[in-house]
Amino acid sequence: MGLLIQDKQVVVPGEILAQGMDYLPGHGTYRDGDNIKSTRLGLLNVEGRALKIVPLKGAYLPRKGDTIIGRVDDIAFSGWRFNINSAYPAMLSMKDGTHEFVARGADLTRYYKLQEYVVAKIINVTSQNLVDLTVKGPGLKKLGPGRIIMVTPAKVPRIIGKQGSMVTLIKEHTQTQITVGQNGIVWINGKEPKKEAIAVQAIELINQQAHVGGLTDRIKEFLEKRVPMPKTTKKVEEPKKEDTEVKQ
Amino acid sequence: MTYTKRLDGRKHDELRETEAKVGVIKRATGSAKFRMGNTTALAAVYGPRELHPRFLQDPEKGRLRCNYNMMPFSGMGDRVRPGANRRAKEISMVTTKALLPAVDLKDYPNAVVDVFIELPQTDAGSRCVGIVAASMALADAGIPMKDLVCAVAVGKVDKSIVIDLDYEEEQYPKYATTKVDDEEVADIPIAMIPSTGEITLLQLDGDISKEDLIKALKFAKPAMEKIYEIQKKALKEKYSDLKGGKK
């Protein structure tokens, strides 16, 4: 019989996607006899013979290799426990948290205080979803002052865009620093509060409309309407400042 | 057979007027509203999230926890005393058991998915309406499910099998307008996983013969399929702008 539902259509759990053995069940689908059915609410993605569902919503499930933003929730004997916007907390051990030598019984808040946000990478996830983090790696660090906003984890790829195009677009327009965690926590810091607010609005807009076509154009339009400054002048300005800082 | 014309003028196999909407509660992970006649249910799903106290955790799979609650002025008679009572606890349990076969929580060991079902207005059939709403809310929350769950009540009023009883039919002899032959009323809430036909809830209040029960179950099936279509439509409607979007 073949495919019953077209590519990029919204499907609900239990919906029959394809019949017969021509297609293979991928992520978010299962085979029930002759039929391939969906297990989630999402968009159908046909990749050759494989069918998978791109979820529209859903909680974050920690995966090895993900770069996430976590908040220090507790401090244990030999590390920090993080809230990573998931059903499971994550541990950052002393070894993975700092390069320094930490004496037995030292005060760990010297490195990360409670409620602080940190960009970290997941190094291991067990079958019971026990999560280990590290901050050793490029771009992994403690986050300074800024704003934290939550987005649907399923929409993070759209916020980042192809090779970071979307987030770069927002950064350049609003002159902000943005870090997006795979777990749906976004950190934003801007020099100008007004522009920072626009960056927040833009990200919330993506969060709402992530799966409607022509997203990049709409975000571009949104930003240009609110931040009318030509991009090129800004671009020249910024590296200059950095240069002087370095020299000083 | 005196009950040929139903009190509210519906056909024997006709459902009450229904309304379904998904995503009604902003702060919840997933939510839905389902109305059937004068019975309205709001369902909110939170999670998967950490489960405490820890002894409740299941290291093999996530837990599903449903909570059914009738609001104080939702009933037909006296104010319902707020909070859990014996009836609410039972319905919470049967709701959980009705939904569990469809929900797949093996990816979430030690975690919990909480479902809160609130009924601002009730006119019989509230557990079924609650299950329908909860199933949509679970799907909206992105919880993996093998199918949705649909539910409806079927019953016997004065020897006639009817679908989706309202309060007056449940209390039939009291509200009868014609001569009553058989005073016994049976009320059977049923929940089903439509793709497999698996029945996940079957309760019976009243008295019914084996033959009539089989007849009633057969009667309920097409009604549940109708509800299934309503559920599917409501879930897709939330994202209908996506289909209309360019490209």
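Since we're looking at a predicted model, the values are computed, not measured.

1. Examining the overall build of chain A
A count of helices and strands for chain A gives 6 helices and 16 strands. Taken along its principal axes, the extent of the C-alpha atoms in chain A is 70 × 55 × 25 Å. Counting every position in chain A, which comprises 248 residues, the buried fraction comes to 46%. Put simply, 56% of the contacts in chain A that link residues at least 6 apart link residues at least 24 apart. Between the centroid of the 37 positive side chains of chain A and the centroid of its 26 negative side chains there is a distance of 1 Å.

2. Comments concerning the overall build of chain B
In terms of helices and strands, chain B carries 6 helices and 9 strands. Overall, chain B is about 55 × 50 × 35 Å in size when its C-alpha atoms are taken along their principal axes. Taking all 247 residues of chain B together, 51% fall into the buried category. Within chain B, contacts between residues separated by at least 24 positions form 68% of all contacts whose residues are at least 6 apart in sequence. Put simply, chain B shows about 11800 Å² of open surface, and 50% of that area lies on carbon and sulfur atoms.

3. A short note on unusual backbone geometry
Looking along the chain, the bond that leaves Gly47 of chain B and enters Pro48 of chain B is cis, with omega of 5°. Cis rather than trans, the peptide bond between His52 of chain B and Pro53 of chain B has omega equal to 0°. Within the secondary structure, Pro53 of chain B is located in the loop between β3 (39-50) and β4 (63-70). Positioned with a positive phi, Gln115 of chain A is a non-glycine residue whose angle comes to about 75°. Its location among the elements puts Gln115 of chain A in the loop between α1 (94-97) and β12 (117-125). Accessibility expressed as a relative area gives 48% for Gln115 of chain A, which makes it partly exposed.

4. Details of the interface of chain A and chain B
Contact residues are listed per partner, giving 29 residues for chain A and 35 residues for chain B. Between chain A and chain B the total buried area reaches about 2500 Å² when both faces are included, carbon and sulfur atoms providing 57% of it. Looking at the side of chain A facing chain B, the largest losses of area belong to Val10, Leu41 and Lys57 of chain A, adding up to 21% of the total buried there. Note that Asp140 of chain B and Lys57 of chain A form a salt bridge whose closest N and O atoms lie 3.4 Å from each other. Here chain A is connected to chain B by 10 residue pairs in polar contact (both at pLDDT 80 or more). Sorting the residues of the side of chain A that touches chain B by element identifies β2 (10-11) and β6 (35-38) of chain A as the ones contributing at least two each.

5. Re the pattern of salt bridges
Residue and element names in this part refer to chain B. As enumerated under the stated definition, the model contains 32 salt bridges over all chains in all. As a salt-bridge pair, Asp58 and Lys61 come within 3.5 Å of each other at their nearest N and O atoms. Look at Lys61 and you get partly exposed, because its relative accessible area is 40%. Among the charged side chains, a salt-bridge network with shared partners connects Arg6, Asp8, Arg10, Arg16, Asp123, Asp164 and Glu169.

6. Regarding the sheet that holds strand β8 (residues 50-55) of chain A
All names here are of chain A. One open sheet accounts for 4 strands, arranged β2-β7-β8-β4; its pairing is mixed. Two strands lie at the open edges of the sheet, namely β2 and β4 (24-25), each paired on one side alone. Here 6 bridges tie strand β7 (residues 42-47) to β8, and the two strands are oriented antiparallel to one another. Counterpart to Gly42 in the pairing with β8 is Pro55.

7. Here we look at the nonpolar core
Counting residues in each nonpolar core, the largest one holds 74 residues, and the members touching the most others are Phe34, Leu64, Leu138 and Val152 of chain B. Examining the composition of this core, we find that 10 residues originate from one element, helix α2 (residues 126-140) of chain B, more than from any other. Every residue in contact with Leu138 of chain B, bar those within four places of it in the chain, is listed here: Val45, Leu64, Leu99, Val103, Val113, Val115, Ile143 and Met145 of chain B. By size, the runner-up hydrophobic cluster in this structure holds 25 residues, among which are Ile68, Leu133, Leu140 and Leu143 of chain A.

8. Focus: the sheet that holds strand β5 (residues 29-32) of chain A
Residue and element names in this part refer to chain A. The antiparallel open sheet is built from 4 strands, whose spatial order is β1-β3-β6-β5. The two strands at the open ends of the sheet, each matched to only one other strand, are β1 (2-3) and β5. In the sheet, β5 pairs with β6 via 4 bridges, with the strands oriented antiparallel. From the neighbouring strand, Arg31 faces β6, where its bridge partner is Ile36.

9. Things to note about the side chain of Ser126 of chain B
Residues and elements named next belong to chain B. Mapped onto the elements, Ser126 comes out in helix α2. Taking the relative accessible area as the measure of exposure, Ser126 reaches 6% and is therefore buried. In this structure, Ser126 is in contact with Thr39, Tyr68, Arg87 and Leu119, ignoring residues within four places of it in sequence.

10. A few points about the confidence of the model for chain B
In the predicted model, chain B carries a mean pLDDT of 93, and 96% of its residues have values of at least 70. Throughout residues 243-247 of chain B the model reports pLDDT below 50, and contacts reaching past four residues in sequence, or to other chains, amount to 5 contacts.

11. Section: helix α1 (residues 86-99) of chain B
When the terminal C-alpha atoms of α1 of chain B are compared, their 20 Å separation across 14 residues agrees well with the 20 Å that a helix rising 1.5 Å per residue should span. Tucked into the core, α1 of chain B has its buried residues touching β4, β5 (111-121), α2, β8 (185-193) and β9 (198-202) of chain B.

12. What about the confidence of the model for chain A?
Residues with a pLDDT of 70 or more make up 92% of chain A, whose mean pLDDT is 89. The low-confidence segment residues 233-248 of chain A, where pLDDT is below 50, has 10 contacts with residues more than four positions distant or belonging to other chains.

13. So, the packing of α2 of chain B against helix α5 (residues 210-237) of chain B
Residues and elements named next belong to chain B. The interhelical angle for the contact between α2 and α5, taken along N-to-C directions, is 35°, at an axis separation of 11 Å. When you trace α2 past α5, the crossing you get is right-handed. From α2, Val132, Ser135, Met136, Ala139 and Asp140 reach across to α5, where they touch Ile227, Gln231, Ala234 and Leu235. The residue inventory of the contact of α2 with α5, partitioned by class, reads 6 nonpolar, 2 polar and 1 charged.

Cut-off values and rules
Residues numbered from 1 in each chain as written. Chains lettered and ligands numbered in written order. Predicted model: local features only at pLDDT ≥ 70, side-chain atom pairs only at ≥ 80, totals over all residues. Heavy atoms only, no water. Helix = DSSP H or I, 4+ residues; strand = E, 2+ residues; numbered from the N terminus. Buried < 20%, exposed > 50% of the residue type's maximum accessible area, 1.4 Å probe, protein only. Contact = heavy atoms within 4.5 Å. Lys, Arg positive; Asp, Glu negative; His and termini not counted. Charge placed at Lys NZ, Arg CZ, Asp CG, Glu CD. Areas by Shrake-Rupley, 256 points an atom, 1.4 Å probe, with all protein chains shown as cover. Buried area = accessible area lost by both parts, 1.4 Å probe. Salt bridge = Lys/Arg side-chain N within 4 Å of Asp/Glu carboxyl O. Polar contact = N/O pair within 3.5 Å; in protein donor to acceptor, adjacent residues only side chain to side chain. Pairing = 2+ DSSP bridges. Core = buried A, V, L, I, M, F, W, Y, C linked by side-chain atoms within 4.5 Å. pLDDT = per-residue confidence, 0-100. Expected span 1.5 Å × (residues − 1). Axes fitted to C-alpha atoms, helices over the stretch in contact; angles between N-to-C directions. Left-handed = near helix turned anticlockwise from the far one by under 90°. Nonpolar A, V, L, I, M, F, W, Y, C, P; charged D, E, K, R; others polar.

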